[in-house]
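Here's the letter readout for the chains.
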Number of protein chains: 2
Amino acid sequence: MSTVGVNANASKWMQGDGKESDIVISSRIRLARNLAGYSFPHLLNHEQAMQVVEKVASVFANLPGEEGKEYDMLYMQYLPSLDRQVLVEKHLISPQLAEKEEGALLLSKGEDVAIMLNEEDHLRMQCLLPGLQLEVAWQKLNKIDDMLEEKLDIAFDNQFGYLTACPTNLGTGLRASVMLHLPALVFTKQADQLFSVVNKVGMTVRGLYGEGTKAGGNMFQLSNQVTLGLTEEEILSRLNKVVMQVIEQEKQARIWLQKENDKALADRIWRAYGILTNARSISSDEMMEKCSLIRLGMDLGILPNLNSAMLNRIMVGTQPAFVQKKSVKELDPQERDWQRAEMIRKQLRGEEL
Amino acid sequence: MSTVGVNANASKWMQGDGKESDIVISSRIRLARNLAGYSFPHLLNHEQAMQVVEKVASVFANLPGEEGKEYDMLYMQYLPSLDRQVLVEKHLISPQLAEKEEGALLLSKGEDVAIMLNEEDHLRMQCLLPGLQLEVAWQKLNKIDDMLEEKLDIAFDNQFGYLTACPTNLGTGLRASVMLHLPALVFTKQADQLFSVVNKVGMTVRGLYGEGTKAGGNMFQLSNQVTLGLTEEEILSRLNKVVMQVIEQEKQARIWLQKENDKALADRIWRAYGILTNARSISSDEMMEKCSLIRLGMDLGILPNLNSAMLNRIMVGTQPAFVQKKSVKELDPQERDWQRAEMIRKQLRGEEL
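These numbers come from a predicted model, not from an experiment.

Basis of the calculations
Residues numbered from 1 in each chain as written. Chains lettered and ligands numbered in written order. Predicted model: local features only at pLDDT ≥ 70, side-chain atom pairs only at ≥ 80, totals over all residues. Heavy atoms only, no water. Least-squares fit on C-alpha atoms with pLDDT ≥ 70 in both. Contact = heavy atoms within 4.5 Å. Pairing = 2+ DSSP bridges. Helix = DSSP H or I, 4+ residues; strand = E, 2+ residues; numbered from the N terminus. Axes fitted to C-alpha atoms, helices over the stretch in contact; angles between N-to-C directions. Core = buried A, V, L, I, M, F, W, Y, C linked by side-chain atoms within 4.5 Å. Buried < 20%, exposed > 50% of the residue type's maximum accessible area, 1.4 Å probe, protein only. Salt bridge = Lys/Arg side-chain N within 4 Å of Asp/Glu carboxyl O. Phe/Tyr/Trp six-rings, centres within 6.5 Å; stacked < 30°, edge-to-face > 60°. Lys NZ or Arg CZ within 6 Å of the ring centre and 35° of its normal. Nonpolar A, V, L, I, M, F, W, Y, C, P; charged D, E, K, R; others polar. Domains from an automatic or database assignment. Buried area = accessible area lost by both parts, 1.4 Å probe.

Engineer: Describe in detail the relation of the copies chain B and chain A, supporting the description with residues and values.
Structural biologist: Turning one copy of the chain about an axis and sliding it along that axis gives the other copy, so a rotation and a shift relate them. Placing chain B over chain A gives an RMSD of 0.0 Å and needs a rotation angle of 180 degrees, together with 0.0 Å of translation along the axis. One copy is carried onto the other by what is essentially a two-fold rotation axis. For chain B, the residue whose C-alpha comes nearest the rotation axis is Gly274(B), separated from it by 2.0 Å. Comparing contact sets, 100% of the residues at the interface of chain B also lie at the interface in chain A, consistent with an isologous, same-surface contact.

This is the structure in structure tokens:
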């Protein structure tokens, strides 16, 4: 059980395909649900919280046929801290869940569906896919949601819709988000202005690892703010529209960069490649920054022999916990930087990690 | 005639061999001589100056047998400005000579002997060899000096020795210098202190291109200050002793760096290599800085497949005038940086420049 979810290759969202995959890294749908008859997780005692976990777990354990084998159950209390951290780095659980003794995760084999139990709500279900495919992710999660509603008593109010621990999730309980790689908008200093416009139309922009994290590697999460008063389809269609506009702006910025600043841009990209293929010590932050440049170089045809699946493996697979996971002994931050540099070199030179 | 001296491969001193060649790039002996019966160059009119040139030139033109074919004569007034600049970059003439209409250069085929005419003195003769071989250079130049004294009336005073335009060159007229690569002393911040000690024992430290230039690429010229009151052998032996001490200190500093800071040093060296093999734009200064690190890496066995002859070709052959020389059209500084980056990449990847 302990190796489930901690292999850098396994996550579907990291395959690097899907629509608009040169700019959209991944699409995520998240539904917040709670069981009727139980307080929200922060008010449950240990026993009650574990009852919630077992109720949900038994539904998945008793799914018929292939579906019954599709999900693994991971209990936070039995998972080594390092493995929990790896799940965070893969965007499969939140840092908050990793710290909760009563927390648990139902994880599909392809890691595209991840259902957190006893996070802020009883269930936080996500479907995470590569590229821009919010609708596909939504359909997949909606089916699971329908199945759950058949077998469990889900807290629902005719006026407020799905009840959630935090009122910002009331209504559909749906959060849709896309991870965007926007280096050209950052380099041309248009990103901040664009994001303030995006905020005005009811969307939120966050860093790579969600709320309050910084935008490492020019990666930004764009998501809907409003969950109440709109249908799921309206939420997705609005987000999709805004994302398409951001993509268009990023594309324009890339064209401008190449036209105005061709050589300087190529120099910057090749230098990043030179550093990642040669350095003996690399911090996470520098890795993210250089990977962003290399991804841009790949998209622009400057580094044609690379692919985004490999870049995703580097970006996620050389985060601190992953690096530690690869080592037999405890690493200090400096040793992690050495190990990371070695892992990156091997990946970029086409050797096995 | 115009291509003489402007080929980056031709200079003997750039072959990278000779004693202590991991630290001593080259050894140089210079003799200042003047013809009796003529004022020093700054007081000569054009006609007189050209008489001096022709007198000396005819001696070399009339040398018997192979020796007679050994020297090429280059007149500054007929040499394109770019070619003169290339000669400066190869350490074959001074920037001052390049600007003098009456200046000329007698240059041996191997470019180890270069005799400037009408620089500060009528004759400034240098022998430049790779590695630490002051004595060999001195013997070679001394033979030429003896030959000249047979055929020309050289200004000499029984009290002051050889007469020179500047009194600091009186006496032997000899300046001996070595070009040292001292990265470890710079990185460990010992260089300045060492140089102030070196000054106190009658030696001068200068940058890569002589007086008033900065120490690009951690290269330093160490030379004798005193030319009067000591025999040539004493001057050489004193300089040699100081050089051996500096070499020893640099070696100790390299050992210390490797012991204390092994990974950080390797990281720095490999990053330099990564940049030089990938960047699309490199300034002269950055080239020198990175080449210094790569040279150190080569000396320490971190980059074993490189050799110092190639590094010398990059270090000299990608200086501004050399880069311009390779191009059919006039380059602005930015274009030179692009061209330089390309030349360096080709060299380091083992292709033809």
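Engineer: Explain the sheet that holds strand β8 (residues 174–181) of chain B residue by residue, including any values.
Structural biologist: Consider a sheet: its strands pair through backbone hydrogen bonds, and that pairing is either parallel or antiparallel. Residue and element names in this part refer to chain B. Strand order across the open sheet formed by eight strands is β2-β3-β4-β5-β1-β8-β10-β9, with antiparallel pairing between neighbours. Two strands lie at the open edges of the sheet, namely β2 (71–75) and β9 (203–206), each paired on one side alone. Taken pair by pair, the neighbouring strands of this sheet meet at an average axis angle of 20 degrees, ignoring direction. Alignment of strand β3 (residues 104–108) against strand β4 (residues 113–117), held across four bridges, turns out to be antiparallel.

Engineer: Quick one: what's the story with the nonpolar core, residue by residue and with numbers?
Structural biologist: Within the largest apolar cluster, 201 residues are counted, with the highest numbers of intra-cluster contacts made by Phe60(A), Ile144(A), Phe60(B) and Ile144(B). If sequence neighbours within four positions are ignored, Phe60(B) has contacts with Gly68(B), Tyr71(B), Leu106(B), Ile115(B), Ile144(B), Met147(B) and Leu148(B).

Engineer: Run through the sheet that holds strand β2 (residues 71–75) of chain A, naming residues and quoting values.
Structural biologist: Residues and elements named next belong to chain A. Here we have eight strands laid out as an open sheet, ordered β2-β3-β4-β5-β1-β8-β10-β9, and antiparallel in their pairing. Either end of the sheet is taken by a strand with one partner, and the two such strands are β2 and β9 (203–206). Here the strands of the sheet are splayed against their neighbours by 20 degrees on average, with no regard to which way each runs. Sheet topology note: the strand β4 (residues 113–117)/strand β5 (residues 123–130) ladder contains five bridges and is antiparallel. By the bridge assignment for β5, isoleucine 115 is matched with methionine 125. Running at roughly 10 degrees to strand β8 (residues 174–181), helix α7 (residues 232–276) makes contact with β1 (24–33), β8, β9 and β10 (219–224) of the sheet.

Engineer: Mind laying out unusual backbone geometry, listing which residues take part and the relevant values?
Structural biologist: All names here are of chain B. The residue glutamate 111 is not glycine, and still its phi comes out positive at about 60 degrees. Tracing the chain through its elements places glutamate 111 in the loop between β3 and β4. For glutamate 111, a relative accessible area of 3% corresponds to the buried category. Positive phi, normally seen in glycine, also occurs at asparagine 218, with a value near 55 degrees. Tracing the sequence through the fold places asparagine 218 in the loop between β9 and β10 (219–224). A relative accessible area of 13% places asparagine 218 in the buried class.

Engineer: Residue-level account of the pattern of salt bridges, with values.
Structural biologist: Opposite charge on two side chains permits pairing when their charged atoms draw close. Tallied over the entire structure, the rule returns 38 salt bridges over all chains. With a shortest N-O distance of 3.3 Å, Lys346(A) and Glu342(A) are connected by a salt bridge. Note that Lys346(A) and Glu342(A) are positioned in helix α11 (residues 333–348) at a spacing of four residues, about one turn of the helix. Classification of Glu342(A) by relative accessible area gives partly exposed; the value is 33%. Between Arg33(B) and Asp145(B) there is a salt bridge, with its nearest N and O atoms 2.9 Å apart. Residue Arg33(B) is located in strand β1 (residues 24–33), and its partner Asp145(B) is located in helix α4 (residues 134–151); the two are separated by 112 residues in the primary sequence. The pair formed by Arg33(B) and Asp145(B) is uniform in burial state, with each residue classed as buried.

Engineer: Quick rundown of the packing of aromatic side chains? Include the residues and the values.
Structural biologist: Within this structure, the stated rule accounts for ten aromatic pairs over all chains. Aromatic pair Phe156(A) and Tyr162(A): ring centres 4.9 Å apart, planes at 75 degrees, arrangement edge-to-face. The buried category is assigned to Tyr162(A), whose relative accessible area is 11%. Judged by centre distance (5.8 Å) and plane angle (85 degrees), the ring pair of Trp270(A) and Tyr273(A) falls under edge-to-face. Linking Trp270(A) with Tyr273(A), this pair stays in helix α7, spanning three residues, or about one helical turn. Taking relative accessible area as the criterion, Trp270(A) reaches 17% and is therefore assigned buried. Note that Arg33(B) overlies the ring of Tyr162(B), its terminal NZ or CZ placed 3.4 Å from the centroid. Between Arg268(B) and the ring centre of Phe187(B), over which it is positioned, the NZ or CZ distance is 3.9 Å.

Engineer: Residues and numbers for the interface of chain B and chain A, please.
Structural biologist: Between chain B and chain A, the contact holds 16 residues from the first and 16 residues from the second. Summed over the shared surface of chain B and chain A, the result is two salt bridges. For Glu286(A), the salt bridge goes to Arg271(B), with nearest N and O atoms at 2.8 Å. A class-by-class count of the residues in the side of chain B that touches chain A yields seven nonpolar, four polar and five charged.

Engineer: Tell me what's going on with the domain arrangement of chain A, and back it up with residues and numbers.
Structural biologist: Residues and elements named next belong to chain A. Assigned domains of chain A: these are domain 1 (2–229) and domain 2 (262–348). Computed from C-alpha atoms alone, the centre-to-centre distance between domain 1 and domain 2 is 27 Å. Taken together, the 26 residues of domain 1 in the interface contact 22 residues of domain 2. Both faces considered, domain 1 and domain 2 share a buried interface measuring about 2100 Å² in area, 67% of it formed by carbon and sulfur atoms. For domain 1, the biggest contributors to the area lost against domain 2 are Met14, Glu89 and Phe187; these three give 26% of the whole. Taken together, the connections running from domain 1 to domain 2 amount to one salt bridge. Across the salt bridge formed by lysine 325 and aspartate 83, the nearest N and O atoms sit 2.4 Å from each other. Those elements that place two or more of their residues in the side of domain 1 that touches domain 2 are α2 (81–89) and α5 (183–187).

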